[in-house]
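Chain by chain, the residues:
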Amino acid sequence: MQWNVELVLHPGSTVLELKVVLNNRSDVRHRFYWWSNAGVQVWDDSRVSYPMQFSASHGFTEVDTWPVDSTGTDLSLLKNQTKGPVSRFVYGSREPFMGIWHPQTDTGVVHYAEYEELPGKKIWSFGADADGLDWRKALSDNNSAYMEVQGGLFRNQETYAFLQPRQTIHLTEYWMPARGLGGIVRANLNGVANLSRQHHALSVAFNANQKIPGATLRILDGSNVVLNQKLDLAPECTWTHDVAPADNAKRYTFEVLDGRGELLLHQTEGEFDWTPKAQVQVGPQQHYAMPAAEKRSEDDWVQLGKDEELNGARLTALSDYKQALSRFPTSLTLEKAAGRLSADLLRYQEAVAYLEPVERRETWNAETAYYLGIAYDGLGRAREARLAFESARLLPEYHAAASLRLAELEARQGQLQLAENDLREAVRSSPDDLRSGEELVAVQLALGHQKEARALAKQCLTRYPTSYFLREELGQPDNRHLGADVDRILNTAAEYLRLGLYERALDVLSRDYPAVPADQREPAEAIPQNHPLVAYYRGYCKQKLGRSPAEDYSAAARLSTDFVFPSGAITYQVLQSALRANPQDANADYLLGTLEFSVGMTDAGLDKWKDALALNPRIPALDASVGRALLHVKGDTERALAAFQRGVIDDPANLENYLGLDQALSLLKRPASERVSALTRYPDRDNMPANLVYELALNLAEADDYDSAVALFHNRFFLRAEGGTNVRQVWVEVRLQQALAFARKGHCEAALETASELGAVVPGLDFTRDGLQPFLDAARTNYILGELQDGCGRKEEAKVLFQRAASAADSEQVAWAFMAAKRTASYDEGKWRARLLIALAANLNTGSSLEAYNYALLQWELGNETAAEAGFRDALLLPDRQIAYHLTRLALADGGN
């Protein structure tokens, strides 16, 4: 996928125009979405001008009223956002604008896009609670907040779509300032207006986005003209007018017309393009519940796989397509899906096995023929590939894509004139596709058609000025730009390789690229001259040209593979060739294994890594890669543990080895002291990453070494990550566990004292000065403190804490609220079981360790121990979020809670 954004400032206009082009450069359908995002500095009195009556949550799980939500809170005002981050999507509105207004500066910013082109809108804010205030310190130099104003193609950011090969989407959106209006009620490309009632007057204000000579400004009361004023408007002057007195029973209309009498802006008080309230269902939204595997229909399996592909889980999707075919072996839809995805994942033999039976039954199907062509080509079956591509291009949906692949096949066979003809067809059929234009220029130049090729190259560069391939063809390579990112060099070379233009590729790969400042290049990546894939590509080109590749392959074998991420069909061919030339090349083994593993060839990838380890056990990240593969894919925790233990020796600075050790040891239920021993082997304790500090502190607490755990918090800076673990949560948990430890040993006085100091400010720990309360108020904290008070004989205090925990409304805390409720006199089993089932339905998406933990806890409380144990295992395999590993270990040690 490729995206281009052109920012345009027009003379005499205040509007910033964004011209967006989304293009699928690849050979296969590709998932995508589009959301533009502007960070806007805000203050507590800043207000979101969101033209809607309803907003939707992430995942479209619920719809609420806007700006005042179902709790009676006006979320459009920043200072009211005291319950955590606010992330809401527009719903039930076709209005094309949104903005933010700052009363203290009487200014604002507005986003505008035609609804038919870009209907999605979203607001994001860290909120104004303690955590939100904490983010202000982390992200600003003046303690200000910021909001994100976003425009998108789809209804929310969980929604993706597919873009087919050679397809392009064009979008245009705009940003504009507003000044002296008092608010934002209407905006378009001509200007921004506000209509507001103050006492018994109607105030009207308008900012023009460009000069409007001889404009007419009208205020109407129905058909009665209240004001009809002609004047010249300019962006630097805000026009205002008060209607006083204004009848509160009437709705006034404001209009702006240009000098020719054409209407530029129209707004009647309270009138917007909204879906009627009666047609909107507020509250939780119904979603189709995917049945259990044994109950799924063929359509269920197809939809499940499609959703997984749209969410980037291609390997899971392929696995599910295969499982579905075991149930529905004659399904053409499933065979086609499995074959197409196999071709995408470079699993060409599998693709042929799936698609050939479909092609025999549906000879007219262009999609089947196209992906069969890709598979045949990948297997070196050129004649069959040609026939498949010729069949695919008979129908319009694959005409351009198949024509381009035919041209590449012909060019590699030396048939450049045929290739030129087919590339002309691709460009004619899909004139916005940059890759077709680039390759046509390259083939025309190779044929000696200099004048035509250069004219086309210049024409394409006018539309796509970022094309470094076209600059190559014009003899004007941007070497600094290429040298800043090795992938640009490899992508350029790969495009030449697809056309068999090996000399041109070799030229790109053989240059000494200039040094680029660190802040202008990919971090930690080797310069092109020291990058192994560049050397492997270079050797491959020489091999294709009949020259010896030995020098380049040998050089590649000696270069560092650190931060090298191989991908794509061309790299697959190059690495296979290098390994055939030298089976003792550990780098080629490692990189090819990495690529194979990434496309689901797990056993083949592990075999390559095994060979690489035997040849060179100190390849960076190799042990960690093997460990993660064994842990997450093969489910072999013991062998994964051994791999991570080797990694600590061979690659001691690699954080993944320590995180992997922690996961493996946790899954194996090894003692906390063993996990502590593993984590403390990290070589730079003073600069240990925050997530490792948190995990070490929690493991120390689990090992009853509280002094060491507490010491870890001193003299450190804890970097914040959006959605990540907060140092305050870890601190409260360590101290809470210390209080429990005192109580378990019968030291109630020390336990109660420690519990009473959970929220105390600790000298030297600035994070304890604020932001602790949300963690102290959590249902789990209150429940545990209730247990502590009860165990120390303070029954009345315990009752208060249990009641407080039971009243928690947060779905993530419902299991703990349930446990607390059982300790109260008003416990109603039927009511609470129903609430647990509702919470369980909301926690079915185990996309994070915390969600998996909550899911497992709910299953345990409902008596579903097998499902709970599976959920707890998932929690330890997913990336840790908000101390989920620690909570899971405690739950497993305590029989589920």
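Report follows, based on the coordinates. Please read all numbers here as calculations on a predicted model, not as lab measurements.

Another point: the packing of helix α34 (residues 849-861) against helix α36 (residues 884-893). Two numbers describe how α34 lies on α36: the axes approach to 9 Å, and their chain directions differ by 25°. The angle between α34 and α36 places the two elements in the roughly parallel class. Taken as a pair, α34 and α36 cross one another with a handedness that is left-handed. Contact with α34, carried on its side by Ser849, Leu850 and Tyr853, involves Ala884, Tyr885, Leu887, Thr888 and Ala891 of α36 and no other residues of that element.

Our focus in this paragraph is the environment of Tyr174. You can see Tyr174 is positioned in strand β14 (residues 168-179). Of the residues examined, Tyr174 reaches a relative accessible area of 15% and is grouped as buried. As for Tyr174 and Glu117, which are separated by 57 residues in sequence, their C-alpha atoms are 12 Å apart. The contact partners of Tyr174, leaving out residues within four places of it in the chain, are Val15, Leu16, Glu17, Val110, His111, Tyr112 and Leu189.

It is worth spelling out the packing of helix α35 (residues 865-877) against α36 at this point. Interhelical geometry of α35 versus α36 gives an angle of 150° and a closest axis separation of 9 Å. If you check the angle between α35 and α36, you find them roughly antiparallel. Crossing of α35 over α36 shows left-handed handedness. For the pair α35 and α36, contact is made by Phe872, Ala875, Leu876 and Leu877 and by Tyr885, Thr888, Ala891 and Leu892, respectively. Of the residues belonging to the contact of α35 with α36, the class tally is seven nonpolar, one polar and no charged.

Once that is clear, we can look at a nonpolar patch on the surface. A cluster of nonpolar side chains, Trp3, Val5 and Leu7, forms an exposed patch at the surface whose accessible area comes to about 330 Å². With respect to the helices and strands, the residue Leu7 is situated in strand β1 (residues 2-9).

This part is about the sheet that holds strand β7 (residues 62-65). What links the strands of a sheet is backbone hydrogen bonding, and the strands pair in either a parallel or an antiparallel sense. What the seven strands build is an open sheet, ordered β4-β12-β11-β8-β6-β7-β23; its pairing is antiparallel. Strands at the two margins of the open sheet, each flanked by one partner only, are β4 (35-42) and β23 (283-284). Where strand β11 (residues 120-125) meets strand β12 (residues 145-152), six bridges bridge the pair, whose relative direction is antiparallel. From the neighbouring strand, Gly120 faces β12, where its bridge partner is Gly152.

Turning to empty space enclosed by the protein, a few remarks are in order. Counted according to the given criterion, the structure contains two cavities of 30 Å³ or more. Its volume calculated, the largest cavity comes out at about 50 Å³. Lining the largest cavity, in full, are Gly483, Tyr513, Pro514, Ala515, Val516, Arg521, Ile527, Pro528 and Gln529. Split into classes, the residues belonging to the lining of the largest cavity amount to six nonpolar, two polar and one charged. Approximately 30 Å³ is the volume found for the second largest cavity. If you trace the second largest cavity, you find it lined by Gly483, Ala484, Arg521, Glu522, Glu525, Ala526 and Ile527. Partitioned by chemical class, the residues of the lining of the second largest cavity number three nonpolar, one polar and three charged.

Looking now at the packing of aromatic side chains. Counted by the stated rule, this structure contains 31 aromatic pairs. Plain terms: the ring middles of Phe126 and Trp135 are 4.6 Å apart, the flat faces sit at 20° to each other, and that makes the pair stacked. Here Phe126 matches Trp135 in class, with each residue buried. Three or more aromatic residues joined by ring pairs form one cluster here, namely Tyr694, Phe713, Phe718, Trp731 and Phe767.

Inspection of the secondary structure puts Leu857 in helix α34. Between the C-alpha atoms of Leu857 and Glu869, which are 12 residues apart in sequence, the distance is 9.1 Å.

Another aspect to go through is the pattern of salt bridges. One pass over the full model with this rule turns up 71 salt bridges. Taking the shortest distance from any N to any O, the salt bridge between Arg435 and Asp27 comes out at 3.0 Å. Taken together, the residues Arg435 in helix α10 (residues 434-446) and Asp27 in the loop between β2 (16-23) and β3 (30-32) connect sequence positions 408 residues apart. Here Arg435 and Asp27 have matching classes, each one buried. In this structure, the salt-bridge partner of Arg424 is Glu420, at a minimum N-O distance of 3.0 Å.

Attention shifts here to the sheet that holds strand β16 (residues 191-198). Ordered in space as β15-β16-β17-β20, the four strands form an open sheet in which the pairing is antiparallel. Edge positions in the open sheet fall to β15 (186-188) and β20 (238-243), since each of these has one partner strand only. Across the sheet, the mean angle separating the axes of adjacent strands is 10° when strand polarity is ignored. Bridge count for β16 against strand β17 (residues 201-208) is eight bridges, and the pairing is antiparallel. Note that in β17 the partner of Val192 across the bridge is Asn207.

This next bit is on the side chain of Glu525. For Glu525, the position within the fold is in the loop between α15 (502-509) and α16 (532-544). There is no salt bridge for the buried Glu525, and the closest opposite charge comes from Arg521, which lies 7.0 Å off by N-O distance. Ignoring any residue separated from it by four or fewer positions in sequence, one finds Glu525 in contact with Ala484, Asp485, Val486 and His531.

Taken as a whole, this structure holds one disulfide when the rule is applied. Residue Cys748 pairs covalently with Cys792 via a disulfide, S to S 2.2 Å. Around the S-S axis, the bridge from Cys748 to Cys792 shows a dihedral of about -90° and counts as left-handed. With Cys748 in helix α28 (residues 748-756) and Cys792 in the loop between α30 (779-791) and α31 (795-806), this pair connects stretches of sequence that are 44 residues apart. Residue class for Cys792 comes out buried when judged on its relative accessible area of 17%.

Rules and cut-offs
- Residues numbered from 1 in each chain as written.
- Predicted model: local features only at pLDDT ≥ 70, side-chain atom pairs only at ≥ 80, totals over all residues.
- Heavy atoms only, no water.
- Axes fitted to C-alpha atoms, helices over the stretch in contact; angles between N-to-C directions.
- Helix = DSSP H or I, 4+ residues; strand = E, 2+ residues; numbered from the N terminus.
- Parallel < 35°, antiparallel > 145°, perpendicular 65-115°, else oblique.
- Left-handed = near helix turned anticlockwise from the far one by under 90°.
- Contact = heavy atoms within 4.5 Å.
- Buried < 20%, exposed > 50% of the residue type's maximum accessible area, 1.4 Å probe, protein only.
- Nonpolar A, V, L, I, M, F, W, Y, C, P; charged D, E, K, R; others polar.
- Patch = residues over 30% accessible without salt bridge, like charges linked within 9 Å, V, L, I, M, F, W, Y side chains within 5 Å.
- Areas by Shrake-Rupley, 256 points an atom, 1.4 Å probe, with all protein chains shown as cover.
- Salt bridge = Lys/Arg side-chain N within 4 Å of Asp/Glu carboxyl O.
- Pairing = 2+ DSSP bridges.
- 1 Å grid on protein atoms, 1.4 Å probe; cavity = no way out; pocket = protein on both sides within 12 Å on 5 of 7 lines; lining within 4 Å.
- Points joined across faces, edges and corners; volume = space filled by probe spheres on them.
- Phe/Tyr/Trp six-rings, centres within 6.5 Å; stacked < 30°, edge-to-face > 60°.
- Lys, Arg positive; Asp, Glu negative; His and termini not counted.
- Disulfide = S-S within 2.5 Å.

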